[in-house]
Amino acid sequence: MSSRLELIGPQGLRTDGRRFNELRNMNCKPSVLSQADGSAYIEQGNTKCLAAVYGPREARTKAQVLHNRANINVEISLAPFSMEERKKRSKSDKRILEIASAVKQTFEPIIMTELYARSQIDIYLQILQFDGGTVQICINAATLAIIDAGIPMKDYVCACSAGCIDDEPVLDLNHLEESNTPELTVALLPKNDKITLLQMESRLHIDKFQQVMEMAAKGCKEIHTVLDKAVRENIKDLLKKSSI
Amino acid sequence: MGNVTNENIINLNTAITFEAETFRRIQPEEYLRRYIQQHVRPDGRSFNHFRKTTVNLSCITTADGSSMVRIGNTTVICGIKAEVSEPNVNFPKEGYLVPNVDLSPICSPRFKPGPPSEQAQVLSENLNKLLKNSKVIDLETLCIEEGKAAWVLFADLVCVNYDGNVFDACVIALMSALMNVRLPEAVYEDGIVKATEEKTIILGLIRITYSASFAMFDGQHLLVDPNEMEESITKDGITVVVDETGKLCNIWKTGSSCSSEQLKTCISKARDRYADITSIIEIAKQAIKKIE
């Protein structure tokens, strides 16, 4: 067994055949669930996520009521069959709670919560299949679902990860890559290029930081075009249906 | 349907009239009754009409067997993961098959986050009973080495959209996912289980069972495949499970009484439904063969 996993092949291609600056294949569809106020399904490579938004509705407990704005509640659940290894992850798993809190904090300033005082917006995310990039797919799915629910937002929030393999910045890491390399997750407001979330949990040389960051930001923009297209197509469908 | 126009809400000259949607919210039972009197259901179906059912196999690649089933808007995803464990001391030759249903808050505004609801636990237990009593799978085929190692199949069912009749969807998802399971060849050697990379072994299912659910309205109208609204209004429900020879495997009857005639119609309809589901799953199998 080789001591170090070869993440980049001799032709300069990654383990799943992508180039350095290539996103995984992305599929998304808003309005997939009938019971939710807003919903979306996203596939990024082999990571699959379903999002449902309920609200703005009455808060479940009085303690959650905020007098001047809506309370945002984010819950993430990982399906037991989503990972290679079956692990019953409870909803109170610290790692999942941390991601949920990151998603919540990302959306709090973007959603115009002040319009819905004393109410609650619930964002439920279900990871059906996991292959890296949980934070980014959760944010992207939530963005689509919130738009689908018709809740006013200041802008799209698009998230993308990037990392550094052998001093070379790479975009959109899969599970194999993210467990062996430093990873940076960026959430961006594409209209004014402002960063709303930045996460990095391992060491990365400062000289490389700028490059990796720029690559992730570029990825966010690409994701924005995909999301925007999905939203527009969905609206067109809706118009067609309502005009009949 | 949802357009409420001002002039329609209250007409003072005659009796008070409502828009249909308002009427539905205030008097859901009466609303349904008016439809039933016209021999039609609120979603336009006749009493005997099942909603469109689709099956999608191998949709989760991280699972050893998976299936997604839609009945109308109701959607259930089943993923089966295999693990190795020590067999139960009392049954040293048998493996395990553990079904678990999750009704997460994603599927309906009715469900709250937190520990599994009573309904989810009842569903899991009913599925477990069905698997055990009808002997869907021979647990001895899951044995790797007697008393030492056996396969545990965790069948996790996630409901992502709840629009009534989740039990039927769960049964179809579970059965089709079991058909879809591919296990690696495993050998027990000196306390270690070695498994091949390739997953080739198909589970031998002894009996394949499907269910059909009915809702009874006012004790006389039998509504096939009830949706969420019909399920919540009607108090009586009947679920019939049959196998491929048309033999009865299970009947669950909740609520007030029903006549034996009605039960007979339920059973015969369940048999017809069995044939339909078999052909739907056959189509799904052809679809993945094409991709492979």
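Residues numbered from 1 in each chain as written. Chains lettered and ligands numbered in written order. Predicted model: local features only at pLDDT ≥ 70, side-chain atom pairs only at ≥ 80, totals over all residues. Heavy atoms only, no water.

## Looking at the interface of chain B and chain A
On the chain A side, the residues contacting the 29 residues of chain B number 29 residues. Overall, the association of chain B and chain A removes approximately 2,400 Å² of surface from exposure, summing both partners, and the carbon and sulfur fraction of that is 56%. Among the residues chain B hides against chain A, the three largest losses belong to Thr 62, Lys 81 and Ile 106 of chain B. Together they make up 25% of the total. Where chain B packs against chain A, one counts one salt bridge. In this structure, Asp 156 of chain B and Arg 86 of chain A form a salt bridge, with 3.0 Å as the shortest nitrogen-oxygen distance. Summed over the shared surface of chain B and chain A, the number is twelve residue pairs in polar contact (both at pLDDT 80 or more). Going through the elements one at a time, strand 3 (74-85) and strand 6 (149-161) of chain B are the ones with two or more residues in the side of chain B that touches chain A. The class makeup of the residues in the side of chain B that touches chain A is 14 nonpolar, nine polar and six charged. (Contact = heavy atoms within 4.5 Å. Buried area = accessible area lost by both parts, 1.4 Å probe. Salt bridge = Lys/Arg side-chain N within 4 Å of Asp/Glu carboxyl O. Polar contact = N/O pair within 3.5 Å; in protein donor to acceptor, adjacent residues only side chain to side chain. Helix = DSSP H or I, 4+ residues; strand = E, 2+ residues; numbered from the N terminus. Nonpolar A, V, L, I, M, F, W, Y, C, P; charged D, E, K, R; others polar.)

## Here's the deal with helix 7 (residues 260-291) of chain B
Relative to the 46 Å expected for 32 residues at 1.5 Å per residue, helix 7 of chain B spans 47 Å between its end C-alpha atoms, a close match to the ideal helical length. Taken residue by residue, helix 7 of chain B has Gln 262, Cys 266, Ile 267, Lys 269, Ala 270, Arg 273, Tyr 274, Ile 277, Ile 280, Ile 281, Ala 284 and Ile 288 of chain B as its buried positions. (Expected span 1.5 Å × (residues − 1). Buried < 20%, exposed > 50% of the residue type's maximum accessible area, 1.4 Å probe, protein only.)

## Thoughts on the pairing of strand 7 (residues 182-189) of chain B
Residue and element names in this part refer to chain B. As judged from the seven bridges shared by strand 7 and strand 8 (residues 192-202), these two strands associate in the antiparallel manner. Bridge pairing in strand 8 links Tyr 188 to Val 193. Here strand 7 hands over to strand 8 after two residues, with Asp 190 in that stretch at a positive phi of 45°. (Pairing = 2+ DSSP bridges.)

## Here we look at the UniProt feature "domain: Exoribonuclease phosphorolytic" (unreviewed entry) in chain B
All names here are of chain B. Sites flagged by UniProt as "domain: Exoribonuclease phosphorolytic" (unreviewed entry) map to residues 50-184 and 211-272. Between the end C-alpha atoms of residues 50-184 there is a gap of 38 Å, over a span that is 23% helix and 38% strand. In the segment residues 211-272, helix accounts for 31% and strand for 40%; the C-alpha atoms at its two ends are 11 Å apart. (UniProt positions renumbered as here; feature names shortened; annotations may be inferred.)

## Digging into the sheet that holds strand 4 (residues 71-78) of chain A
Residues and elements named next belong to chain A. Spatially, 1-2-3-5-4 is the arrangement adopted by the five strands of the open sheet, whose pairing is mixed. Lying at the two open borders of the sheet, with one neighbouring strand each, are strand 1 (26-30) and strand 4. Neighbour to neighbour, the strand axes of the sheet diverge by 15° on average, direction disregarded. Inspection of the sheet shows strand 4 paired to strand 5 (residues 119-129) by eight bridges, in the parallel sense. Counterpart to Glu 75 in the pairing with strand 5 is Tyr 124. Contacts between helix 2 (residues 134-149) and the sheet are confined to strand 1, strand 2 (38-44), strand 3 (47-58), strand 4 and strand 5, with strand 2 contributing the most and set at about 145° to the helix. Sheet contacts for helix 4 (residues 206-243): strand 1 and strand 2; angle to strand 1, the most-contacted strand, approximately 35°. (Axes fitted to C-alpha atoms, helices over the stretch in contact; angles between N-to-C directions.)

## What about the side chain of Asp 228 of chain A?
All names here are of chain A. On the secondary structure map, Asp 228 appears in helix 4. For Asp 228, a relative accessible area of 17% translates into the label buried. A distance of 2.9 Å separates polar atoms of two side chains, one belonging to Asp 228 and the other to Arg 232.

## Brief notes about the sheet that holds strand 8 (residues 183-189) of chain A
All names here are of chain A. With respect to topology, four strands assemble into an open sheet ordered 7-6-8-9, the strand pairing being antiparallel. Only two strands of the sheet have a single partner each, and these edge strands are strand 7 (168-171) and strand 9 (194-200). For this sheet, the mean angle separating the axes of adjacent strands, direction not counted, is 25°. Pairing between strand 8 and strand 9: six bridges, direction antiparallel. Residue pairing across strands places Leu 189 opposite Lys 194, the latter belonging to strand 9. Lying over the sheet, helix 1 (residues 94-107) contacts strand 8 and strand 9, oriented at roughly 165° with respect to strand 9. Running at roughly 160° to strand 6 (residues 158-165), helix 2 makes contact with strand 6, strand 8 and strand 9 of the sheet.

## Re the environment of Ile 238 of chain B
All names here are of chain B. Considering the arrangement of structural elements, one finds Ile 238 in strand 11 (residues 236-242). Of the residues examined, Ile 238 reaches a relative accessible area of 1% and is grouped as buried. In sequence terms Ile 238 and Lys 129 are 109 residues apart; their C-alpha atoms lie 17 Å from each other. When sequence neighbours within four positions are dropped, the list of residues in contact with Ile 238 reads Ala 212, Ser 213, Phe 214, Met 216, Leu 222, Trp 252, Lys 253, Cys 258, Leu 263 and Cys 266.

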